[in-house]
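# Working through the structure, step by step
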Amino acid sequence: MLSSVAASLPPLAEVNELSRRFPDIPRAAIVKEDLLRRGMAWSHEALEIAARFKPKAYFIFSFDMVPIEQMEQNENTRAPEEIRLVGGPDGFPPVVVSVRLNPASPYRVEARGETLVLEAGGQMVSSVELQQSPDYYRRTLANGKPIMDIAPTIEWGYLLYLTTFRLCQYFGAREECQFCDINENYRQQKKSGRPYTSVKSVEEIVEALEIIASTDSESEAYTVTGGSITGNLDGLSEVEFYARYPEAIEKRFPGRWIGKVVVQALTKEEVRRLKDVGAQIYHPNYEVWDRRLFETLCAGKARYIGHDEWVRRILGAAEVFGPENVIPNFVAGIELSRPHGFATVDEAIASTAEGLEFFMSHGVSPRFTTWCPEPLSALGKEGNGPAPLEYHVRLLRAYRDTRAKHRLAPPRGYGEPGLGRAVFSVSAFMDVLPPLESDRTAADRPLESV
Ligand code: SF4
């Protein structure tokens with residue numbers, strides 16, 4: 001899979017090489033992408049420390065590169081949700097990275113007394129900071145369910161992640177998206193004994209948010225999401241099922257958080273229903289731009305809705321929500337997966353940049369998460385390794401520059417943009433966007449505006 005010359009180099013040599021070739025992409029953002037695509041290992045001593053901080057909640061997928069049954073140190077219950085890189089030989093500003101577990105990764109978190117460091121091939125990369133568990137992580141609902149199961153937070157506390165349906169009705173090899181392990185992850189979490197509610201009731205969500213609202217001031221947005229509903233669930237269609245949550249949340253806590261909903265590309269009438277109940281941001285994720293790859297890697301979506309109709313519905317949603325509030329995700333890197341993906345980074349970047357140009361020229365604001373091949377997904381079972389780091393670095397540049405070309409403001413509901421300020425943890429796209437004008441120092445600004 002790794003095809004570039006740099007791929008044969010040890011990890012920091014590859015980072016060095018790409019830093020030299022792409023000096024406009026901060027080195028800390030390159031390391032972040034490398035960590036996301038390859039995962040990280042933890043020493044026994046580092047896990048002992050991490051177990052006292054905010055744990056990984058498995059908020060929707062596994063995002064790990066080994067199944068739980070192969071975690072010899074019980075990393076699944078002891079590793080943190082996220083780490084924050086800071087300092088080190090290159091003086092990194094704070095950069096938040098989602099923890100994707102991979103005991104075989106060249107990146108290792110090690111303990112130095114009571115502090116943690118990230119190393120690669122034995123070389124120091126940076127210091128590592130962890131986030132305290134919020135008080136509500138120690139609380140339960142009246143029915144005994146932990147709040148960490150019902151309403152975990154990610155993005156360093158910014159986002160409440162409400163996976164209200166932990167399964168997907170696209171089922172089996174012919175329908176499930178090839179990069180997705182939602183159904184397999186649900187099974188492995190239940191088998192491991194983790195409290196893991198398959199369908200969360202509206203009452204459970206509102207009760208959890210009552211507790212969070214009374215104790216927490218850090219969360220600023222929530223995401224309501226889950227698997228696709230192709231038939232019905234509890235007698236409800238997809239839009240009827242998911243709309244109940246923002247409806248109840250906005251009735252009880254009007255405007256308290258920025259409400260975001262991640263569901264399939266719906267008809268305009270259905271999208272209007274989401275808006276009417278108070279959702280502010282809509283994410284109809286298109287996963288991959290290339291039509292052939294969409295039809296292969298997202299066979300269920302292609303069969304039930306279709307590529308062209310999916311794209312049409314995204315543009316239709318822009319008329320309802322306003323284009324800047326339609327933020328479809330794609331999974332960065334699956335364009336290069338075997339056996340169906342592009343053969344070269346050049347082709348993958350050209351295709352994805354075409355998609356960015358198309359959506360951004362309509363004012364729609366795609367965003368992406370960095371793909372790591374989860375072993376329980378179909379692509380993982382095919383033995384895929386991650387996409388080359390060069391692809392991810394060039395994508396950051398294409399993304400930033402296409403946004404700038406179309407003068408798009410930073411996406412809403414992601415916290416602040418800019419290196420040292422961003423909290424979005426599953427891609428570095430927010431780290432490479434320019435900081436808000438109010439946050440820029442005189443030295444950051446172009447001469448004419450100083
Ligand atoms: S629609 Fe695809 S990506 Fe979404 S949960 Fe189902 S299988 Fe996973």
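Summary of the structure given here. (Residues numbered from 1 in each chain as written. Predicted model: local features only at pLDDT ≥ 70, side-chain atom pairs only at ≥ 80, totals over all residues. Heavy atoms only, no water.)

So, on to the packing of aromatic side chains. Two measures describe an aromatic ring pair: the distance that separates the ring centres and the angle between the ring planes. All told, the structure shown has 26 aromatic pairs when counted by the stated rule. Lying over the aromatic face of Tyr414, Lys260 brings its terminal NZ or CZ to 3.9 Å of the ring centre. (Phe/Tyr/Trp six-rings, centres within 6.5 Å; stacked < 30°, edge-to-face > 60°. Lys NZ or Arg CZ within 6 Å of the ring centre and 35° of its normal.)

Across all of its chains, the model carries 35 salt bridges by this definition. With a shortest N-O distance of 2.8 Å, Lys56 and Asp64 are connected by a salt bridge. For the pair formed by Lys56 and Asp64, the shared burial category is buried. Between Asp346 and Arg394 there is a salt bridge, with its nearest N and O atoms 2.8 Å apart. Separated by 48 residues along the polypeptide, Asp346 in helix H13 (residues 345–361) and Arg394 in helix H15 (residues 389–405) bring together distant segments of the chain. Each of Glu14, Asp34, Arg37 and Arg38 takes part in salt bridges that share partners, so that together they form one network. (Salt bridge = Lys/Arg side-chain N within 4 Å of Asp/Glu carboxyl O. Buried < 20%, exposed > 50% of the residue type's maximum accessible area, 1.4 Å probe, protein only. Helix = DSSP H or I, 4+ residues; strand = E, 2+ residues; numbered from the N terminus.)

Time to look at the site of the ligand. Near the ligand you find Cys168, Tyr170, Cys177, Phe179, Cys180, Ile182, Gly227, Ser228 and Lys301, and these make up its full shell. Partitioned by chemical class, the residues of the shell around the ligand number six nonpolar, two polar and one charged. (Near = heavy atom within 4 Å. Nonpolar A, V, L, I, M, F, W, Y, C, P; charged D, E, K, R; others polar.)

We now examine the sheet that holds strand E1 (residues 41–42). Reading across from one edge, E1-E4-E5-E6-E2-E3 is the order of the six strands in this open sheet, with mixed pairing throughout. If you trace the sheet from one side to the other, it starts and ends with E1 and strand E3 (92–98), each paired once. With five bridges connecting them, strand E2 (residues 82–87) and E3 associate as antiparallel partners. Counted as the bridge partner of Ile83 is Val97 from E3. Sheet contacts for helix H1 (residues 11–21): strand E4 (107–112), strand E5 (115–120) and strand E6 (123–129); angle to E4, the most-contacted strand, approximately 110°. Running over the sheet, helix H2 (residues 27–38) touches E2, E3, E4, E5 and E6 and is turned about 20° from E3. (Pairing = 2+ DSSP bridges. Contact = heavy atoms within 4.5 Å. Axes fitted to C-alpha atoms, helices over the stretch in contact; angles between N-to-C directions.)

Its location among the elements puts Ser126 in strand E6. Excluding residues that lie within four positions of it along the chain, Ser126 makes contacts with Leu85, Val86, Gly87, Gly88, Phe92, Val117 and Leu118.

Take the packing of H13 against H15 next. Contact geometry for H13 and H15: axes closest at 10 Å, N-to-C directions at 25°. In terms of axis orientation, H13 runs roughly parallel to H15. Where H13 crosses over H15, the handedness of that crossing is right-handed. Residues Val345, Asp346, Ala348, Ile349, Thr352, Leu356, Glu357 and Met360 of H13 lie in contact with H15, whose contacting residues are Glu390, Tyr391, Arg394, Leu395, Ala398, Tyr399, Thr402, Arg403 and Lys405. Along the lines of polarity and charge, the residues of the contact of H13 with H15 split into nine nonpolar, two polar and six charged. (Parallel < 35°, antiparallel > 145°, perpendicular 65-115°, else oblique. Left-handed = near helix turned anticlockwise from the far one by under 90°.)

On to the sheet that holds strand E11 (residues 281–283), then. As summarised here, the arrangement of the five strands in space is E7-E8-E9-E10-E11, forming an open sheet in which the pairing is mixed. For this open sheet the edge positions go to strand E7 (153–154) and E11, each flanked by a neighbour on one side alone. In this structure, E7 lies alongside strand E8 (residues 159–165), joined through two bridges in antiparallel fashion. If you follow Thr153 over to E8, its bridge partner there is Leu160. Where helix H8 (residues 238–252) meets the sheet, it contacts E8, strand E9 (221–226) and strand E10 (258–262), and its direction lies at approximately 160° from that of E9.

Attention now goes to the nonpolar core. Counting 151 residues, the largest nonpolar core has Trp42 and Leu85 as the members making the most contacts within it. Sequence-distant contacts of Trp42, that is, excluding residues within four places in its chain, are made with Leu47, Ala50, Gln73, Pro80, Ile83, Val99, Leu101, Arg108, Val109, Leu116 and Leu130. (Core = buried A, V, L, I, M, F, W, Y, C linked by side-chain atoms within 4.5 Å.)

Pairing geometry for E1 and E4, over two bridges, is parallel. Bridging across to E4, Trp42 finds its partner in Val109. Looking at chain direction, E4 and E5 are connected through six bridges and run antiparallel. Bridge pairing in E5 places Ala111 opposite Leu116. Connecting E4 to the next strand, E5, in antiparallel fashion are two residues, including Gly113 with a positive phi near 65°.

With that settled, the discussion passes to the environment of Leu116. Among the secondary structure elements, Leu116 is positioned in strand E5. Separated by twelve residues in the primary sequence, Leu116 and Val128 place their C-alpha atoms 5.2 Å from one another. When residues no more than four places from it in sequence are discounted, the contact partners of Leu116 are Trp42, Ala46, Ile49, Val109, Glu110, Ala111, Ser127, Val128 and Leu130.

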